[in-house]
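Descriptive analysis of the structure
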Amino acid sequence: MPPADRRTFIKTAAGALVAVPLIPELGWARPYRAPARISVGVIGVGRQGRAILGELQKIEGVTVAAICDTDASRLSAGQRRTAGGETFAEYKQLLEKKKDAAAIFIATPTHLHRQIALDCIQAGRHVFCEGPLASTVDDCKAIAAAARGASTVFQTGLYARSNPVYQLARSFYKTDAVRTLVSMRAEDNRKNSWRTPTSSDEQDRALNWHLNPEISLGLPGEMGTHQFDVFHFFLGRYPTAVRGSGAIRVHNDGRKIADTIQIDLAFDGAVGVGGPGSGGAHLQYAATLCSSFEGRHEVFHGEAASIKLAWTHGWMFKEADAPTQGWEVWANRQQFHNDEGITLIADATKLHAQGKLKEGVGLPNSPMSYAIEDFFKSVLEKKAVVCTADEGVRASAVGIAASRAVTTGETVALDPELFKA
């Protein structure tokens, strides 16, 4: 679809609210090939680390030279994905012995990120550090300061900024498509105890760190940080205050971390393209480990249209009284209760002729894969970092504040100095 057409809407029937799924250009469907060979290491091969290993194995030109984990069973499981990569129980040994690993992926528990990141930067390695950046603001700042002073690349693993669907949706948001921003909401609903079966108290403390309130940011920080950053990415603004509550609704297994939370984040003076919101917009966020209904998504409610994003898909809902700006000839139609959704697809004419129109809907790869691709483009092609350590500080600071708000029941103010460029 030509760039100009990406800013158009589907013409609505009188009184109808039409959902327009957002489909980016077909370039995102092609597998990434590294322009030069590169060896990498992965520190932390739990669930997230193994997912990273899975994505790295798909990239031609990338070799996983080494992996590291303190848990022997996880290290063994990770090794099966490396096709001969060396294993280490201590990350400093990896840095010392595998100097050919030019880039390091950090996927350890959040509270361990600081020292590992600092040592990787000091060792002259490129770093991809999973979000949240760290579990305290001071640790986040220390990582960012080191990254700013390094000649190597540092990317924070907040995936929305690399997601082609989100990038396309943001281009709509930046036009007159949404107009005045009315409100925002996001949810992360999953049926998962967050508990890993273990055979000893020591292993339980190491593997179930998510459930330890002394080191874990809980649902607000560990999960919410990623979704809060979606709104930072679109608005170019950050919350000024956060309040929240949480409870253990289902998982009464001795944990102290809430399995269900509700959060309100105030964006003072938040604006849409068409003008200021009345008194500033709010983001209502909810997450639970007790129900998977509606999954994970973010919504921007606007005067002229609303945008719903669900990580591999996105839709625009145009209000019936909004001006018509044009419409795409080739379209899939989807039903959303009483509203008809129309899919805008890149290269729709060609796909239609091939009988493959529906193949253009949704991302063919995981959101993680696009973030990893962007990292290698920065390392190997000198392209700008998509999500810097400084942006990681900002998103993580909001997640940390949200965690505190849920834990204490207090309204937590956010220091504007944290968000200055």
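Above this text you will find the structure in question.
Cut-offs applied
- Residues numbered from 1 in each chain as written.
- Predicted model: local features only at pLDDT ≥ 70, side-chain atom pairs only at ≥ 80, totals over all residues.
- Heavy atoms only, no water.
- Phe/Tyr/Trp six-rings, centres within 6.5 Å; stacked < 30°, edge-to-face > 60°.
- Helix = DSSP H or I, 4+ residues; strand = E, 2+ residues; numbered from the N terminus.
- Buried < 20%, exposed > 50% of the residue type's maximum accessible area, 1.4 Å probe, protein only.
- Pairing = 2+ DSSP bridges.
- Arc of directions from axis to C-beta.
- Contact = heavy atoms within 4.5 Å.
- Expected span 1.5 Å × (residues − 1).
- Core = buried A, V, L, I, M, F, W, Y, C linked by side-chain atoms within 4.5 Å.

Looking now at the packing of aromatic side chains. For any pair of aromatic rings, geometry is given as the distance between the ring centres together with the angle between the planes. On inspection of all chains with the given rule, the structure shows 13 aromatic pairs. Consider the rings of Phe 105 and Phe 375, whose centres lie 5.3 Å apart with planes at 75°: the pair is edge-to-face. Here Phe 105, found in strand E5 (residues 101–106), pairs with Phe 375, found in helix H10 (residues 367–381); they are 270 residues apart in sequence, far enough to count as distant. By the burial criterion, Phe 105 is buried, and Phe 375 matches it.

Burial analysis of strand E15 (residues 305–309) places four of its five residues in the buried class, which makes it a mostly covered element. With three bridges joining them, strand E14 (residues 296–302) and E15 adopt antiparallel strand pairing. Counted as the bridge partner of Val 299 is Lys 308 from E15. Judged from the five bridges that link them, E15 and strand E16 (residues 314–318) form a sheet pairing that is antiparallel. Opposite Lys 308, over in E16, you have Trp 315 as the bridge partner.

On to helix H2 (residues 72–79), then. If you check which residues of H2 are buried, you get Arg 74, Leu 75, Ala 77 and Gly 78. For H2, the angular spread of buried residues about the axis comes to 165°, placing them on one side. Buried residues in H2 make contact with helix H1 (47–56), strand E3 (60–68), strand E4 (86–88) and helix H7 (201–207).

Our next topic: the environment of Leu 207. On the secondary structure map, Leu 207 appears in helix H7. Residue Leu 207 is classed as buried on the basis of its relative accessible area of 11%. Each C-alpha atom, one on Leu 207 and one on Gly 46, is 8.4 Å from the other, the two residues being 161 residues apart in sequence. Apart from residues no more than four positions distant in its own chain, Leu 207 is found in contact with Asp 71, Arg 74, Thr 196 and Thr 198.

On to H10. Taking 1.5 Å of rise per residue, the 15 residues of H10 would be expected to cover 21 Å, and the 21 Å separating its terminal C-alpha atoms lies within 8% of that figure. Most of H10 is tucked away: 13 of the 15 residues are buried. Lys 382 sits one or two residues past H10 and shows a positive phi near 60°.

By size, the foremost hydrophobic cluster in this structure holds 79 residues, and its most contacted members are Leu 56, Phe 105, Phe 300 and Phe 376. When residues of this core are assigned to their parent elements, the largest contribution, eight residues, is made by helix H8 (residues 218–235). Look past the residues within four positions of Leu 56 in its chain and what remains in contact with it is Val 40, Val 42, Val 62, Val 64, Phe 105, Ile 372 and Phe 376. If you look at the next biggest cluster of nonpolar residues, it comprises 27 residues, including Cys 68, Phe 88, Ile 104 and Leu 217.

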